[in-house]
Amino acid sequence: MSTAAPPQKAPPPRQRPGGRLSNGAFALLLTAPGLALFAAIIFYPLLSALFTGFFEQDLRLPGREFVGLDNFTYWLDGDFLTILEQTLIFTVGATLVPFALGFALALALNTGLKGNGFLRGLFLFPWVIPGVVVSFLWMWIFNANYGVLNGVLMETGIIDESVAWLGQPGTAMLAVIVTKTWASFPWMMVMLLAGLQTVPRELHEAASMDGAGSIRRFFAVTWPQVRGVASIVLLLEFIWNFQHFDTIYVLTGGGPAGTTETFATAVYQTAFKGFDIGRATALGGLWMLLLLLLVAVYLRITERKGDA
């Protein structure tokens, strides 16, 4: 007598490939909280601020009125070029002067001076001091009544009477640049020294055997090796100085007579002393466009350096 075969169990349903997250979707899911936080604290406030530039809005009064491009044309037809010129003067001066000083010190430290480690630490001291503290220190140095600078110059007979370094249009910008130079040359020195230490000594020895002097070795061996680092250092410092605020505001507040006014101080003065948030935002938008151009140049240079 034959027995019936037991019924076979149906195989479990196979999972469809479409039911699983793709790598791109999984990556997006992981980054979603960070993107949401970025949008909440940066992207949305940025768009809201730019949108405010199209309105006439006073911080002391409720409400606002749409004025289109009036706030932008107010600056473009007014003080925009003057502020841009003064911002560039400060930016170029506060970039090139500390670069030259930092490069000279880096070259000296790279030769193996006695007490090299102590000198590096000493030169880094201005870098670790907060910017506001540096500004107050140099405000005391430049003070017209009891400043150290006037005292030294009068004792040595260079000047006959006190000079209001921060109160004269001809010297205020120079004083601000000197202050910023003292605060920023150490990090340039460190970066350039790191670049110099990557130059193979064999190249210098070979150039010396060929009869090349120190100046010729610098331009034929040293500079080509550190040119990439130098360009990045210069561009980064230029971008930072283009948006610098605390040194200028503490020392001069944009004065005297607006001769040290930059985009940073002009936006602050317009928004929080003139209470005109619409015009301040419009100027900030124009300022941001210029910064984006600088950032694009920086990214282009770093991309070329990475491909090299």
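Residues numbered from 1 in each chain as written. Predicted model: local features only at pLDDT ≥ 70, side-chain atom pairs only at ≥ 80, totals over all residues. Heavy atoms only, no water.

### Observations regarding the overall build of the chain
Looking only at helices and strands, the chain has twelve helices and two strands in total. Reading the chain from its N end, one meets helices and strands in the order α-β-β-α-α-α-α-α-α-α-α-α-α-α. Whereas a compact globule of 308 residues would reach a radius of gyration of roughly 19 Å, the chain reaches 29 Å, over 25% beyond that. Projecting the C-alpha coordinates of the chain onto the three principal axes gives extents of approximately 130 × 75 × 30 Å. Relative to its 308 residues, the chain shows a buried fraction of 36%. Counting only carbon and sulfur atoms, one obtains 66% of the accessible surface of the chain, whose full area is about 19100 Å². (Helix = DSSP H or I, 4+ residues; strand = E, 2+ residues; numbered from the N terminus. Rg over C-alpha atoms; globule rule 2.2 N^0.38 Å. Buried < 20%, exposed > 50% of the residue type's maximum accessible area, 1.4 Å probe, protein only. Areas by Shrake-Rupley, 256 points an atom, 1.4 Å probe, with all protein chains shown as cover.)

### What to know about the packing of helix 3 (residues 80–109) against helix 7 (residues 169–196)
Relative orientation of the contacting elements helix 3 and helix 7 amounts to 40 degrees, with a least axis distance of 6 Å. Here helix 3 lies oblique to helix 7, going by the angle between them. As helix 3 runs across helix 7, the sense of the crossing is right-handed. (Axes fitted to C-alpha atoms, helices over the stretch in contact; angles between N-to-C directions. Parallel < 35°, antiparallel > 145°, perpendicular 65-115°, else oblique. Left-handed = near helix turned anticlockwise from the far one by under 90°.)

### Some thoughts on helix 7
Between its first and last C-alpha atoms helix 7 spans 39 Å; for 28 residues at 1.5 Å apiece the expected length is 40 Å, and the two agree. Counting buried positions along helix 7 yields 20 of 28 residues, so the element is predominantly enclosed. (Expected span 1.5 Å × (residues − 1).)

### Points about the environment of Thr265
The topology assignment puts Thr265 in helix 11 (residues 263–273). Residues Thr265 and Tyr249 lie 16 residues apart in sequence; the distance between their C-alpha atoms is 6.5 Å. Residues within four places of Thr265 in sequence aside, it is in contact with Phe245, Ile248, Tyr249, Gly254 and Thr260. (Contact = heavy atoms within 4.5 Å.)

### Examining the environment of Asn110
Relative to the assigned elements, Asn110 resides in the loop between helix 3 and helix 4 (116–128). For the pair Asn110 and Ala194, spaced 84 residues apart in the sequence, the C-alpha separation amounts to 9.1 Å. Beyond its immediate stretch of four places on either side in the chain, Asn110 contacts Leu193, Leu196, Gln197 and Arg201.

### With respect to unusual backbone geometry
For the bond running from Gly255 to Pro256, omega is -5 degrees, close enough to zero to count as cis. The residue Pro256 is located in the loop between helix 10 (246–251) and helix 11 in this model. Phi at Ala257 takes a positive value of approximately 55 degrees, unusual for a residue other than glycine. Relative to the assigned elements, Ala257 resides in the loop between helix 10 and helix 11.

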